[in-house]
Amino acid sequence: MTTKTIAKAPFKADHVGSLLRPQRIHEARKKFQEGTITAAELRTIETEEIKRIVDKQIEIGLKAVTDGEFRRRFWHTDFMEHLNGVEGYIPEHGYRFVGVETEAYDVRVTGKVSFNPDHPHLKDFIEFKEIVGDRAIAKMTIPSPNQFFNAGIRNEEIYPDIEEYAKDIIQAYRDAIKAFYDAGCRYLQLDDVYVAGLCSPKLPFSDSELEREKLIDLALRVANGVLEGKPADLVVTTHLCRGNYQSTWAFEGPYDKIAPSFFAKEKVDGFFLEYDDERSGGFEPLKYVPEGGPRVVLGIFTSKKGELEDKETIKARIQEAAKYVPLEQLCISTQCGFASTHHGNLLTEAQQWEKLKYIVETAKEIWG
């Protein structure tokens, strides 16, 4: 695989990562839970379905493909609970989304946090990369280190000092990045709902603007601490999203509050940004992105519903964004994945493929 191809990620037509789980996987999971099939049989079914969707992504013209997160239940907890010092558990309540409470599942810290060299996602990635071969770039998605700063995860008896906690999270993620790189990963995305939450007009856990400034500063230090010394030929992007669960969302607010720090200073190769409806605000905060710096992937297509966006409106919005970031530095995608959790958004698989194909088509018309 040439470094030349890799240097182009994120691509003009890209996608966030998760795909709708097919009925076959839902049924296999249920059978596994009931004890009528083994873990190995479940894995075989997942692998067959991953092969099918990899072929499909390549067929519609995507240059970066994912495994659809088919082996995961949730976009974040599956990764987090397999780090040393972290466990998954069922809390009394799920997260409050607009009009719905999510399935209750979360993680909490039970000991000193470090990377687990036997993390199951490593094996998953190696197998996935073999399926892709040299036909496309195999993209890996993991939750951002900042997800560990959500309320209720840090154990204050183990980590009374948040800076000490941050230090261990940074090291765990540096080790994770190295492990994925050694496994052949060259395109890694960090999904960050926490930082997008810091844009919300009302902070989920505090009213003070001073507190917000402190949290933004810490989040940027954590993000950049993790990226220090990363290999030059590894592309790392950040995906900022305001929640995606069965087509609903968690919060709103433009990117203004984090743009002067994150857009200007986060040492990533690209930003995947949610811009599919008015909750995201305007494009003006993009003025902080350094020219010739990270690529900006505009999430101006929605993964929350199947209808295709109006192409002229899409093109006009790209021109609008190009007032702040050069057109050459822009890319397009959906604002989020199609199934951040195993439940999936409210659209059909056919509509999902149609939408991804439409993004590839639109990108060709704009950038050639």
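Calculation notes
Residues numbered from 1 in each chain as written. Predicted model: local features only at pLDDT ≥ 70, side-chain atom pairs only at ≥ 80, totals over all residues. Heavy atoms only, no water. Helix = DSSP H or I, 4+ residues; strand = E, 2+ residues; numbered from the N terminus. Buried < 20%, exposed > 50% of the residue type's maximum accessible area, 1.4 Å probe, protein only. Contact = heavy atoms within 4.5 Å. Areas by Shrake-Rupley, 256 points an atom, 1.4 Å probe, with all protein chains shown as cover. pLDDT = per-residue confidence, 0-100. Expected span 1.5 Å × (residues − 1). Polar contact = N/O pair within 3.5 Å; in protein donor to acceptor, adjacent residues only side chain to side chain. Pairing = 2+ DSSP bridges. Axes fitted to C-alpha atoms, helices over the stretch in contact; angles between N-to-C directions. Salt bridge = Lys/Arg side-chain N within 4 Å of Asp/Glu carboxyl O. Right-handed = clockwise from strand over helix to strand, strands pointing away. Core = buried A, V, L, I, M, F, W, Y, C linked by side-chain atoms within 4.5 Å. Phe/Tyr/Trp six-rings, centres within 6.5 Å; stacked < 30°, edge-to-face > 60°. Lys NZ or Arg CZ within 6 Å of the ring centre and 35° of its normal. Parallel < 35°, antiparallel > 145°, perpendicular 65-115°, else oblique. Left-handed = near helix turned anticlockwise from the far one by under 90°. Nonpolar A, V, L, I, M, F, W, Y, C, P; charged D, E, K, R; others polar.

Looking at the overall build of the protein
A count of helices and strands for the protein gives eleven helices and twelve strands. For the protein, the residues scored as buried account for 58% of the 368 residues in total. When contacts within the protein are restricted to residue pairs at least 6 apart in sequence, those whose partners lie at least 24 apart make up 78%. For the protein, the exposed surface amounts to about 15,500 Å²; the carbon and sulfur share of it is 52%.

Observations regarding the confidence of the model for the protein
In this model, the protein carries an average pLDDT of 89, and 90% of its residues clear a pLDDT of 70 or more. Taken together, the stretch residues 1-7 has pLDDT below 50 and engages in nine contacts with residues farther than four places along the chain or on a different chain.

A word on unusual backbone geometry
Following Ala9, the chain continues into Pro10 via a peptide bond in cis, with omega recorded as -10 degrees. Tracing the backbone shows Pro10 in the loop between helix H1 (3-6) and helix H2 (23-34). Phi is positive for Glu69, which is not a glycine, with a value near 60 degrees. Mapped onto the secondary structure, Glu69 falls in the loop between strand E1 (64-65) and helix H4 (77-80).

Here we look at helix H6 (residues 162-182)
An ideal rise of 1.5 Å per residue puts 30 Å on 21 residues; H6 measures up with 30 Å between its terminal C-alpha atoms. When we look at burial in H6, the residues that qualify are Tyr165, Ala166, Asp168, Ile169, Ile170, Ala172, Tyr173, Ala176, Ile177, Ala179, Phe180 and Tyr181. Where H6 begins, one side-chain oxygen reaches toward the backbone nitrogen of Glu163, 3.0 Å away; that side chain belongs to Asp161. Positive phi appears at Gly184, one or two residues downstream of H6, with a value of about 105 degrees.

Description of the sheet that holds strand E9 (residues 235-240)
Strands belonging to one sheet form pairs held by backbone hydrogen bonds; the direction of such a pair is parallel or antiparallel. The six strands lie next to each other as E7-E8-E9-E10-E11-E12, forming an open sheet whose pairing is parallel. Two strands lie at the open edges of the sheet, namely strand E7 (140-143) and strand E12 (330-334), each paired on one side alone. Going from strand to strand, the sheet's axes swing by 25 degrees on average, the running direction of each strand aside. Both strand E10 (residues 270-274) and strand E11 (residues 295-301) contribute to a ladder of five bridges, which runs parallel. Bridging across to E11, Phe271 finds its partner in Val296. Along the sheet, helix H10 (residues 311-321) contacts E11 and E12; its crossing angle with E11, the most-contacted strand, is approximately 150 degrees.

Focus on the environment of Leu356
For Leu356, the position within the fold is in helix H11 (residues 349-367). Put simply, Leu356 and Phe301 are 55 residues apart on the chain and 9.2 Å apart in space, counted from C-alpha to C-alpha. With residues up to four places along the chain from it excluded, the contact list for Leu356 reads His15, Leu19, Ile60, Leu62 and Phe338.

Thoughts on the pattern of salt bridges
Per the stated rule, a full pass over the model turns up 32 salt bridges. Among the ionic pairs, Glu127 bridges to Lys123, the shortest N-O distance being 3.7 Å. Residue Glu127 and its partner Lys123 are located together in helix H5 (residues 120-132), separated by four residues, close to a single helical turn. You can call Glu127 partly exposed: its relative accessible area is 25%.

Here we look at the pairing of E7
Across the two faces of E7 the burial is the same, with Met140 and Ile142 and Thr141 and Pro143 all buried. In this view, the connection linking E7 to its parallel neighbour strand E8 (residues 187-192) by way of H6 has right-handed handedness.

Side note on the nonpolar core
Among the nonpolar cores identified, the biggest contains 97 residues, and Phe148, Ile258, Phe263, Leu286 and Leu298 are the most heavily contacted of them. Tallying contributions element by element places H6 first for this core, with eleven residues. Filtering out sequence-adjacent residues up to four positions away, Leu286 remains in contact with Phe263, Leu273, Tyr275, Val296, Leu298, Ala321, Tyr324 and Val325. Residues Val16, Ala64, Tyr187 and Phe272 belong to the second largest nonpolar core, which totals ten residues.

Considering the packing of aromatic side chains
Taken as a whole and assessed by the stated rule, the structure comprises 14 aromatic pairs. Considering the side-chain rings of Phe125 and Phe180, the 6.4 Å spacing of their centres and the 90 degrees angle between planes classify their relative orientation as edge-to-face. Of this pair, Phe125 sits in helix H5 while Phe180 sits in helix H6, and the two are 55 residues apart along the sequence. The buried category is assigned to Phe125, whose relative accessible area is 1%. What makes Phe180 buried here is its relative accessible area of 1%. Measuring from centroid to centroid gives 6.5 Å for Phe149 and Tyr194, while their planes differ by 50 degrees, and the two rings are tilted. In this pair, Phe149 sits in the loop between E7 and H6 while Tyr194 sits in helix H7 (residues 193-197), placing the two residues 45 residues apart along the sequence. A single burial state applies to Phe149 and to Tyr194, both of which are buried. Joined through ring pairs, the aromatic side chains of Tyr255, Phe263, Phe271, Tyr275 and Phe283 make up one cluster. Seen from the ring of Tyr89, Arg108 lies directly overhead, with NZ or CZ sitting 3.8 Å from the centre.

A word on the packing of helix H3 (residues 39-59) against H5
Between H3 and H5, whose axes approach to 10 Å, the crossing angle comes to 45 degrees. If you check the angle between H3 and H5, you find them oblique. Both H3 and H5 take part in a crossing whose hand is right-handed. Taking contact as the criterion, the partners of Arg43, Thr47, Ile50, Lys51 and Val54 in H3 are, on H5, Lys123, Asp124, Glu127, Phe128, Ile131 and Val132. Split by residue class, the contact of H3 with H5 holds five nonpolar, one polar and five charged.

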